[in-house]
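Chain by chain, the residues run as shown.
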Amino acid sequence: MHVEKDQNHQRFALQNVEKSRELQRKLYMSAKRNMKRKFHALYDRIYRPDILYRAWTDVRANKGSAGIDGQTFEDIESGGVEQFLSGLESDLREGRYRPKPVLRVKIPKADGGERPLGIPTIRDRVVQQACRIVIEPVFEANFLPNSYGFRPKRNAKEAVLAVKENLLKNWWVVDADIKSYFDTIDHDILLNLVGRRISDRRVLKLIRQWLRSGVVADGEYQATRTGTPQGGVISPLLANIYLHTLDKYWQEKGKNLGTLIRYADDFVIVCGNRNQAEAAMWEVGKFLGRLKLILHPVKTRVVRMDREGFDFLGFYFFKSKSRISGKVVPYVWPSAKAMKRVRSAIRELTSRRWACRPVENVTDEVNAVIRGWRNYFCIGNSTVKFRQLDKFVQDRLFRFLKRKHGNRYRLNWEKFKGWYYRSSNQVELFYIPGICTRSYLKAT
């Protein structure tokens, strides 16, 4: 009985996802056929049952904490997902929906600082995701290929490979950083840019409400007059809409200076010589001023690639002479910040306070970190870094086992290596011979 119910539920979910994707395909094709068309009847699509159901499954899969109302996923599921979505549909249809302020928390950054993160309520996240499902195809029709961040079928690894390819014949890079980007986006400019493609006033009102719903930090309400909350489901799309104007401007006015490659608010400009790089930095700074944004005066710099490198999307880029061909070529490997983060993650999982846990649970979690990290950084020249991390994992696990078992097993390095390399323990490795080469060729 339960198996049949689960199968029916899966068929229902697949039907809903396919219906929503069919709508997205139609919207994308319509927007692509007429790049200046304005869409005026999208609001009623947002509260369609299939759209809301898909939005719920997407938000549920991403997990996350409760917002200021304290409502968790478990609370919603215990009360009935169908009832929850039905209530949302009714509120949206009748115009009763109002978003709640965003809960602001601070998460540590690799440089020791803190990054503000906004956590909308689950209810607001579902509506934001439903809105994103409906309007994203319209803007995807306009977005340019140099933009890789938070877009369907595009990812950070493609951006990294694009930078590396452009560095084959170029020697100078503008390593750009927009100061407090998500906090300084101008609401009026953003809504005007959204309005170039969407004329449905109810959709524009929804977006305006999210932008101006305010935040609650340390128990106090603060109004939001600029910016989009980092953590909002729709924020990455809105951020891309805002900086699409930079992509378009650069395609028309700046491409003779260099190639701009952007991942959300992180971007670099790869140039042929110093004059081009300095002109590119001035030109992009001037244009960002029109968007009421500024380049970070310290973090933005011009880099000569055979003398110093730069970090981008977790990788460090540098040009040096190849031992095989003798030519100066671009190399990429995990940055110092990325190495520090992964070591911290492994150090935490193998710390003394987890000595009471079964070893299998600890190694499973360590393996998950290793697989994710290896799958991302395998496109680079990461062999040396991977081997360093394998040695680090061995040292951490050796210390962990000694703390866990004390002197009972008289564990020494030889006994540990026998345990570590035993296939039944299934400890993952960062470095697997050939994996970087195969992954790079597949990606290119």
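Anything mentioned here points back to the structure above.
If you're wondering where the values come from, they're calculated on a predicted model, not measured in any experiment. (Residues numbered from 1 in each chain as written. Predicted model: local features only at pLDDT ≥ 70, side-chain atom pairs only at ≥ 80, totals over all residues. Heavy atoms only, no water.)

Asks: Outline the environment of Val 427, listing residues and values.
Replies: Within the fold, Val 427 resides in the loop between helix 16 (413–420) and helix 17 (435–443). Once the C-alpha coordinates of Val 427 and Ser 351 are considered, the two residues, 76 residues apart in sequence, prove to be 17 Å apart. Once you skip the residues sitting within four places of it in the chain, Val 427 turns out to touch Thr 363, Asn 367, Leu 397, Trp 419 and Tyr 420. (Helix = DSSP H or I, 4+ residues; strand = E, 2+ residues; numbered from the N terminus. Contact = heavy atoms within 4.5 Å.)

Asks: Account for the sheet that holds strand 10 (residues 315–321), naming residues and giving values.
Replies: Taken together, the three strands give an open sheet; going across it, the order is 9-10-11, and neighbouring strands pair in antiparallel fashion. Either end of the sheet is taken by a strand with one partner, and the two such strands are strand 9 (310–312) and strand 11 (328–334). The sheet shows a mean angle of 35° between the axes of neighbouring strands, direction not considered. In the packing of helix 7 (residues 156–166) onto the sheet, the strands contacted are strand 9, strand 10 and strand 11, and the crossing angle to strand 10 comes to about 25°. (Pairing = 2+ DSSP bridges. Axes fitted to C-alpha atoms, helices over the stretch in contact; angles between N-to-C directions.)

Asks: Quick one: what's the story with the environment of Lys 286, residue by residue and with numbers?
Replies: With respect to the secondary-structure elements, Lys 286 resides in helix 12 (residues 274–290). Taking C-alpha positions, Lys 286 is 48 Å from Phe 84, a pair spaced 202 residues apart along the chain.

Asks: I'd like a description of the sheet that holds strand 3 (residues 172–177), backed by residues and values.
Replies: Spatial ordering of the open sheet is given by 6-7-3-8, a layout of four strands whose pairing is antiparallel. Two strands bound the open sheet, and with one partner strand each, they are strand 6 (259–263) and strand 8 (301–304). Put simply, the sheet's adjacent strands are angled 20° from each other on average, direction ignored. Bridging between strand 6 and strand 7 (residues 266–271) involves five bridges; their strand directions are antiparallel. By the bridge assignment for strand 7, Thr 259 is matched with Val 270.

Asks: With reference to specific residues and values, describe helix 15 (residues 383–405).
Replies: With 23 residues, helix 15 extends 33 Å from end C-alpha to end C-alpha; this agrees with the ideal 33 Å at 1.5 Å per step. Residues of helix 15 that are buried: Phe 386, Leu 389, Asp 390, Phe 392, Val 393, Gln 394, Arg 396, Leu 397, Phe 398, Phe 400, Leu 401 and His 405. (Expected span 1.5 Å × (residues − 1). Buried < 20%, exposed > 50% of the residue type's maximum accessible area, 1.4 Å probe, protein only.)

Asks: Now, about the nonpolar core: what can you tell me, with residues and values included?
Replies: By size, the foremost hydrophobic cluster in this structure holds 75 residues, and its most contacted members are Ile 135, Phe 267 and Leu 288. Beyond its immediate chain neighbours, meaning those up to four positions away, Leu 288 contacts Ile 178, Leu 243, Leu 246, Phe 267, Leu 293 and Leu 295. Residues Tyr 263, Val 366, Phe 398 and Leu 411 belong to the second largest nonpolar core, which totals 50 residues. (Core = buried A, V, L, I, M, F, W, Y, C linked by side-chain atoms within 4.5 Å.)

Asks: A description of empty space enclosed by the protein should follow, citing residues and the corresponding values.
Replies: Under the counting rule described, the total for this entry stands at two cavities of 30 Å³ or more. Lining the largest cavity we find 15 residues, and of these Val 102, Gln 128, Trp 210, Leu 211 and Pro 229 sit closest to its centre. The residue makeup of the lining of the largest cavity, split by class, is eight nonpolar, five polar and two charged. Considered as a void within the structure, the second largest cavity measures approximately 50 Å³ in volume. The wall of the second largest cavity is formed by Val 102, Arg 104, Pro 116, Leu 117, Gly 118, Asp 183, Val 215, Thr 228, Pro 229 and Gln 230. (1 Å grid on protein atoms, 1.4 Å probe; cavity = no way out; pocket = protein on both sides within 12 Å on 5 of 7 lines; lining within 4 Å. Points joined across faces, edges and corners; volume = space filled by probe spheres on them. Nonpolar A, V, L, I, M, F, W, Y, C, P; charged D, E, K, R; others polar.)

Asks: So what's going on with the pattern of salt bridges? Which residues, and what values?
Replies: Summed over all chains, the structure comprises 26 salt bridges. Residues Glu 22 and Arg 25 are paired through a salt bridge, measuring 2.9 Å at the closest nitrogen-oxygen approach. Note that Glu 22 and Arg 25 are positioned in helix 1 (residues 2–33) at a spacing of three residues, about one turn of the helix. The exposure class of Glu 22 is partly exposed, given its relative accessible area of 33%. Residue classification places Arg 25 among the partly exposed residues on the basis of a relative accessible area of 40%. One salt bridge connects Asp 175 with Arg 301, and the closest N-O pair in it is separated by 3.5 Å. (Salt bridge = Lys/Arg side-chain N within 4 Å of Asp/Glu carboxyl O.)

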